[in-house]
Structure formats: C-alpha cells, structure tokens
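# Working through the structure, step by step
These are the residues of each chain, in order.
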Amino acid sequence: MINFNESMEKIEALEVEAVGVQKLCLPQTHGRVLAENIIAQENSPAYPTAAMDGYAIIGSDQEMGKLKILQDNPAGHDTEGLRVLPGTAIKTFTGALMPEGADTLIPIENVTVEGDYIVIGERVPTGFSVRPVGENFKKGETLIKRGATIDFAEIGVMASLNIVAPLVVQKPKVAILATGSEVLELGECSDNPAQIRSSNNYTLEALVLKHGGEPVQMGSVHDERSVITFAMKEALRSADIVVTTGGVSVGDYDFVKDVIRDELGCDVAFKGVLIKPGQHIMVAQKENRFIVALPGFAYSSTVTFILYVLPILYRLQGREYTLPVVNARLLDGYRKKTKNKTEFAACNLRLIDGEYLCDFSGKRRGSSAIMTNMLGDAGLLWLDVAEGDKEAGEVVRVVRLK
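A brief look at the structure comes next. Model, not experiment: these values are computed from the prediction.

## A look at the overall build of the chain
Scanning the chain for helices and strands turns up 6 helices and 26 strands. Computed over the C-alpha atoms, the radius of gyration of the chain is 31 Å, more than 25% above the 21 Å expected from 2.2 N^0.38 for a compact globule of 402 residues. Along the longest, intermediate and shortest principal axes, the C-alpha atoms of the chain span 95 × 50 × 45 Å. When the 402 residues of the chain are sorted by exposure, 47% land in the buried category. Of the contacts made within the chain by residues no fewer than 6 positions apart, 70% connect residues no fewer than 24 positions apart. Put simply, the chain shows about 19,700 Å² of open surface, and 50% of that area lies on carbon and sulfur atoms. One way to put it: in the chain the 42 positive side-chain charges average out to a point 5 Å from where the 52 negative ones average out.

Below, the structure is given as structure tokens:
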C-alpha cells in the first residue's frame, strides 16, 4: 500500500481532459460552471444617470437659492434636446439620464417647490447623486472569469449584459454501482436479517449533484464476477467516472478489483492506501474514463469519495478541487486508532466568535459503517500518519463537510 500523500500525488498526475461545453439559456445556468470569460461590451451606465429622485441642476447655481423648473425628466425618457441652463432645474427621476448641462442632482427632500421654482433648503456637493459613466463596469472589463460557478450575482450581471445563452461546462456523468449480495435496493423488502438497505448509491448521488456532476444510477448487483463485469462495462459506456462501492477488499467474493484489472483492462493508478477509513480503495483509468472503487461501508465510501472522486470530477469540469480545511481547537482529547495510517475521524465542527471548535459529542466509536456520524455540523479530523493522540486545547486540521 502507498501512503496518503503518495495517493494524492498519483491523483494529481492523472491525465484528465475536461468534458465539452454547451450553450444554455441564462435562467437554466444556476449552479453550472462557466466555460467562457464574460467581458463587458459597453459601459454601464453608458451615460451619466440619476441615482435618486430630485432636480438636475448646475452645482454652482445653488448659490442663487432659487431655480426655475423647466420640465420633468422621467426614467426611460429620451433626453435629446433636454438642457439645463444657468438658473434652471429639470425634475429628474431615479434611473433617468442626466440632461445636458447638469452636473448635480439635488434631492427632492432638500428643496421646497414654490410655483415654477425650487427653493434650495440644503445644498449638496457638486456631482451629488449622479452615477458616472462606467460606475458598474467599463467596456472591455472581464467581469466573470471562466471556471466560476454561476450563482445569482453572475446571472444578474449576465442579464444586464443581455447574454441570452452563455457557454457552460457540460456536467460530467458519474455512474454509481453498489456491489454486494447483502445489499437491498431502496424500497425492496426482505425477511433475511443478513441483508442491508442500499444507502451508498444515494449518498454518493447527492455528492455528485452537489459538486456539479450528473449521477447515473446503476443500482446494486450481487457478488458474482460475470454480473459485476457486465454492469461495469455498461457503466463505462454511460459515464466519465464509474464509482463502485464494495468488492475491493481481499475476501473470496471481492471481485471488483479483479474485474477492473482483468476483464476491463484498465490502467491501475493505485490499489490500497494507508488511510482510515478506506484503505482498500482502487483508482484506475481506461482511455479518458475513470474507475474509482470504494469500500462498501457507508462512512468509508463517503470519505473516500470526497478524497479521491471529487478531484477528478472537478478537473473534468476544468477546475480544481481543494479540500476545505480549517484549523480548529479541540475541546475533547482524541486517541488515534492507528499508528501507520493517515486518519479521518468524524467530529463536530462549529464556528463560535470567529474560532472553529471541534469535539466528538454524540459521535459513535466503532466501525466505518456509522453514517450517522456525518449528521449535523460534521467535519473530518485529519491526522497525518506521523501524528499521534491529541489533547484538549490543541489546534488540529479539520475538513469542513458543510
């Protein structure tokens, strides 16, 4: 087995070619990865614009104390031929273009109207409440960079630029296949107490969706070599990444690793890593597709998916994945379970008064099957192979899960 750092180096060394791109109608792009730089084709605003309701004036005219109202200037009104002369004012509304000759907008609240005149009660600085050309952005400015995840702000900016259908990265397809004769499909019933409900499929599907992929559910198959071979060949035809759970250990019925090597003819990057949980993980590649064989226990498969599948999934989208690690102060002591492995232990992680705090209250100690340990404000305490037990008060590394 290789150590954790070596496994990360091998993941980084994989030749991963990003998937294709597609045009998508702007409202449908939320959560997608942008595949082009968004560059402003014009200034915004293109002309000086009123930032509030008031009167467009020449700033220095405020000394007169009283200005004649010429007319109204509503938002959207064509201001061609509209001009403020010395000693005059044009009532101008929020969003309207400033009339020619005006350099200041005095708010309605600062004046009193007396017939056709405004009497200035409180002066404002010259240039007040006038949005200058290019206040939002200037022509030629890169506003959103390729690789950004599109959220509400990105959609709003693109809408303001009249971008109808931006280029986005196609969603990489991730086929998910559970193996094990003991596994029941969701909704399936059995009187056999040795069988368990399939949860890995749906946990990993949620992770795929969360990180920009398109899950392809392949269901669960029994521990038969021929059945697993057929299912994995179908999965390879369907997806960019094939993720399996179970069947990678050293038992008599653990066929997945043999199918990957012998039946599929994949190039194996590595098999077995000195980590806890998930030491029997296997990563392989067949041309431009990837196979990541995860352990069958729910907690193990989830942790190893985060560590090994997400970096590949992100690179298929043309971006990089970095584990979201924070420094946290331990409130409890922790006894490391192993001496020769890198360890990831479920913990509680909370941010209080600007400091991350970590404890193990309510976390069950036991096998790598305890998925409930990931409920709530959960994180993963990360202990390198050279690290040992930790005492309360020490600062440790924790991977944020939410």
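## Comments concerning the sheet that holds strand β16 (residues 214-221)
In spatial order, the strands read β16-β13-β17-β21-β20-β18; together these 6 strands make up an open sheet with mixed pairing. Each edge of the open sheet carries a strand with a single partner, namely β16 and β18 (267-271). Ignoring strand direction, the axes of neighbouring strands in this sheet form an average angle of 15°. Bridge count between strand β13 (residues 173-179) and β16: 6 bridges; the pairing is parallel. Within the sheet, the bridge partner assigned to Thr-179 lies in β16 and is Val-221. Running at roughly 170° to β16, helix α3 (residues 200-210) makes contact with β13, β16, β17 (241-245) and β21 (289-294) of the sheet.

## Looking at helix α4 (residues 225-238)
Here α4 spans 20 Å end to end across 14 residues, near enough to the 20 Å set by a 1.5 Å rise per residue. For α4, every residue scored as buried is listed here: Ile-228, Thr-229, Ala-231, Met-232, Ala-235 and Leu-236. Residues of α4 that are buried sit in contact with β13, β16, β17, α5 (256-263), β20 (282-286) and β21.

## Description of the pairing of strand β7 (residues 104-107)
Burial of β7 is two-sided: the residues Thr-104 and Ile-106 facing one way and the residues Leu-105 and Pro-107 facing the other way are all buried. As judged from the 4 bridges shared by strand β4 (residues 54-57) and β7, these two strands associate in the antiparallel manner. Its bridge partner lying in β7, Ile-57 is registered against Thr-104.

The rules behind each value
- Residues numbered from 1 in each chain as written.
- Predicted model: local features only at pLDDT ≥ 70, side-chain atom pairs only at ≥ 80, totals over all residues.
- Heavy atoms only, no water.
- Helix = DSSP H or I, 4+ residues; strand = E, 2+ residues; numbered from the N terminus.
- Rg over C-alpha atoms; globule rule 2.2 N^0.38 Å.
- Buried < 20%, exposed > 50% of the residue type's maximum accessible area, 1.4 Å probe, protein only.
- Contact = heavy atoms within 4.5 Å.
- Areas by Shrake-Rupley, 256 points an atom, 1.4 Å probe, with all protein chains shown as cover.
- Lys, Arg positive; Asp, Glu negative; His and termini not counted.
- Charge placed at Lys NZ, Arg CZ, Asp CG, Glu CD.
- Pairing = 2+ DSSP bridges.
- Axes fitted to C-alpha atoms, helices over the stretch in contact; angles between N-to-C directions.
- Expected span 1.5 Å × (residues − 1).

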